[in-house]
Amino acid sequence: FTAPGFVCFHLSCPHETLPEALERFSRLFTLDEIENTVCKPGVINREIGRVSSEIDRVGDQSRAFYFLKSQVDGDHPFSRLFAGSRSTLQTTPTENGLDVATHLTCFFRDHYLASRATLVVVSNEGLGALDRWISPYSNIMSQRERIGPPSISSFPPKVFKDRTDLTQSIILRSREDGQFDENHQTLSLEWPLSLVYERNPTENVVSASAVGFILTQILSRRGPGSLRQMLEKLGWAPKGNRGVPRFSFPIDQSGFQILRMEIGLSLDGFANRSAVIAAVFESIRTVLSRPLPTALIEQYLCAALLHGYLLAPRPPDCITLAVDSIRYGLSSKYGVGGTSGVGLQSNQQSITNWYLMPSPDDKVGVENMKRIVTETLTIMADERGPLVSIRASAKAIFGYSKGLVDKAVLTGPLLPPWTREAVTGARVYTEKRAAAAGGLFRSLAFVTAKVDGEAALTPPYLNPLLPTSLRPPRPVVERSRGWAGESVLYLDSALAGEDDASLKLVDSYAGSNWREMSRALAPVDGSGWKLLQVPPSKTGTLGIALPVRPPEPGVEGAVVLQLLSSLPSTFTSRQLTLANLWLLSYDDAIVDIAESGALAGCAYEWSFNRAGLRLCFRGLSQSLPSYVRRLCRRLVAQHANLLSGKAEVAESAYQRAMNEVTRSPKIGPLQKKQMVDVLTRGVSNEDVADQALTFLKATNGAYVISQVSVNSLAMRIHIRCCFRRRLTRLISDPTVTQGDLTPSESLQLSSDLRQVFRGYGDAKGFECEPALRDILYRPFWKPIVGSRRRACSRACRSSRTLAVGCRGRLGRREVDGRCMLFFAPCLSNLHRLHT
């Protein structure tokens, strides 16, 4: 593939053919091979046809990209066509008497230099063998040094063409686009930036993607005072993920970037498009109305660390290593392969810096990020700065273009003032932004705030579930073979090296300790509530299935709360339907906590079973107890809110319930028909609340199961030491594992939950004692958070990696037991990074 500033060639082959494949692949980059290939008859014309056919002329994103380029000033290098066409590669050169084959050979000779190339090999072979097999690459291409700098860091200050008025352009979408939906439009605002990526070995690079992540947390957040919620209330943005403001970078080069913000619009939102644009600028100015708190930036950096590294499965991806090594450097403190790997340092005292983001504990890095984000927001607040466009369907343009302040589009797309974009042929209509749009939005926002009793737009606030600094995993030392007695060592302090840290020896029969799975559950407080904590390294024991995580010690845990009752096993179809509607309305009521928790890696799940109601929770151990308590309090209060009118069973809850009933293979035809009849006729909020209260009163005790994150690749490490302030005794070969929920924390949480459900749990006649296997079935976590990372395959985990850098940031991919080679010329010196 070709990207701004570099090109990448990659090869995949079976392990047994890797030596021969490497040798053959190297021949492709010799000057003789290039000269012989380009001189063959028909080769140039064939490749020109292939290049020209790759241009997407109907895709929504492609039309947006080429419209953006058409609005860039002609003196700016970004205005040039990136992808070639028959016009640029055949017609124009022929008219000017240029030989394309000769120019290709000269380009290869001048730019494909060994000093500017990067080689990456991923294989399960030893590094010694790989070193021998890549020897042919030392003799390919020219060995002379590079000519000039590898990249441009200075660009013309003028980016967009001159504009006298505030305008916005409407781009007609193509029906041939695979993602076409005539009821949803897309607003796009694009700002030019000029971040320079200087690879300083003493500090992290603040890249555009890092700034974009922080902007996403600030401007795409949900909840009171957010732009997203305001647009949904006004009906201008569709509910769900379509209306979420999204940030991306169509071009990201050191010294020049384009920041793109996209928002999905409803048909009503398109009719009031100028007011929506005014709302965007108003939200940005609201954020700038007071300085960004440093603690807020630290929270966002913690979120980046969690979702980008600690909770992300990471295969040894050669593309990613190669791309990152150019931008962030190699082997320096803040470079790829340096001392900045995320996880524990050797002394386990803190989480180290990640080269893709400043650490929350890096005060200089936090201040740099805060300054750059503030500068970027200041650029975004200028209404004259961005290029504004709306990609809309014909239905929206010719049926819903007239709004309260926006004028209707009256002319057809083939008539002026419509124009044609040269590359994709998209039809474009440019109009002036309505002058009264800002006043309209402020008036509607004022009325909405009065009705709802909350501010229309507010600056971002701290997330109570997201810490400003991540605590390292805390060690747990379990007894191993040859260690007499059933006892467990666990470390109270997160910092093992501190003087006040102590490792306590605990009797496993005490109520606050790790429990053996074969033993009975111990009561928490003498009631029907019982606590079980699953050890982190026990093999063959039961536990809740957690997502695939990296092999490093984790900071994640899980809690299962099973409210015991035999009532669900006797539910009629109507009762089961009402109980499901209760919990679906509960999902709607806790969406604010769920989304705040999702940023901290938290998720939940509920389900009825024959033993009652099971509630599952997982997340960062620092936030998990608070997350569990908040959700359980809301659950207990939900039926009362339904009775008082503070909550209701929304129409979307009925639709979700209907989908679950019709799709479930476990519901018989007769029961399915009965449940569909109940949902079709509808029920009152009072009926749902009465059923919820009936269930809660019919509970008899609960199981609370605490579980730490178990990594499938966690290795048992045998040591001979003891952690006290000084070495006071010797323990023979205990097994050190990583757990992050101490017994005392689990016991405290259990006591807190018993207090939350204090009005329930003592019903007679509803006793139930299920087997743990019947409780710990696989959960379906909510909310469903999309991920850009793929799970590691076993072959990938066991492989060795020989990697060298290239530029940019690309998606990760699976290496399913095969060898892959990536070759990226025109980059940095030919380094080798052994991982």
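Residues numbered from 1 in each chain as written. Predicted model: local features only at pLDDT ≥ 70, side-chain atom pairs only at ≥ 80, totals over all residues. Heavy atoms only, no water.

> Before we move on, could you go through the pattern of salt bridges and cite the residues and values that matter?
Inspection of the entire model under this criterion finds 37 salt bridges. Asp592 serves as the salt-bridge partner of Arg634, at 3.2 Å between the closest nitrogen and oxygen. A residue pair is termed long-range when its members are at least 10 positions apart, and Arg634 in helix α19 (residues 624–644) and Asp592 in helix α18 (residues 591–599) qualify at 42 residues. Given the relative accessible area of 29%, Arg634 is considered partly exposed. If you follow the salt bridges from partner to partner, you end up with Asp60, Arg173, Asp177, Glu262 and Arg391 in one network. (Salt bridge = Lys/Arg side-chain N within 4 Å of Asp/Glu carboxyl O. Helix = DSSP H or I, 4+ residues; strand = E, 2+ residues; numbered from the N terminus. Buried < 20%, exposed > 50% of the residue type's maximum accessible area, 1.4 Å probe, protein only.)

> Describe helix α22 (residues 685–697), listing the residues and the values that go with them.
For α22, spanning 13 residues, the distance from its first C-alpha to its last is 18 Å, which sits close to the expected 18 Å at 1.5 Å a residue. Those residues of α22 that fall on the buried side of the exposure criterion are Val688, Ala689, Gln691, Ala692, Phe695 and Leu696. All buried residues of α22 fall inside an arc of 160° around its axis, so they share one side. On its buried face, α22 sits against β17 (556–564), α17 (573–589), β18 (603–609), β19 (612–620) and α19. (Expected span 1.5 Å × (residues − 1). Arc of directions from axis to C-beta. Contact = heavy atoms within 4.5 Å.)

> Can you explain the nonpolar core? Please cite residues and give values.
Leu377, Leu561, Trp582 and Leu613 are the most contacted members of the largest nonpolar core, which totals 140 residues. With 11 residues, helix α12 (residues 294–310) is the single largest residue contributor to this core. Those residues in contact with Leu377 that lie beyond four places of it in its chain are Leu215, Ile218, Leu219, Ile284, Val287, Leu288 and Leu292. If you look at the next biggest cluster of nonpolar residues, it comprises 24 residues, including Phe29, Ile34, Phe108 and Leu119. (Core = buried A, V, L, I, M, F, W, Y, C linked by side-chain atoms within 4.5 Å.)

> Describe the packing of aromatic side chains, with residues and values.
We describe a pair of aromatic rings using the distance from one ring centre to the other and the angle between the two ring planes. Going through the model one piece at a time under the given rule, you end up with 15 aromatic pairs. Seen from their ring centres, Phe78 and Phe256 are 5.7 Å apart, and the 55° between their planes marks the pair as tilted. Taken together, the residues span a long stretch of sequence, with Phe78 in the loop between α4 (60–70) and α5 (86–95) and Phe256 in strand β8 (residues 256–265) at a distance of 178 residues. An identical accessibility class is assigned to Phe78 and Phe256; each is buried. Every member of this aromatic cluster is reached through a ring pair, and the members are Phe65, Tyr66, Phe78, Phe155 and Phe256. Positioned above the aromatic ring of Phe78, the side-chain terminus of Lys69 is 4.1 Å from the ring centre. For the cation-ring pair, Arg618 lies above Trp781, with the distance from its terminal atom to the ring centre recorded as 5.0 Å. (Phe/Tyr/Trp six-rings, centres within 6.5 Å; stacked < 30°, edge-to-face > 60°. Lys NZ or Arg CZ within 6 Å of the ring centre and 35° of its normal.)

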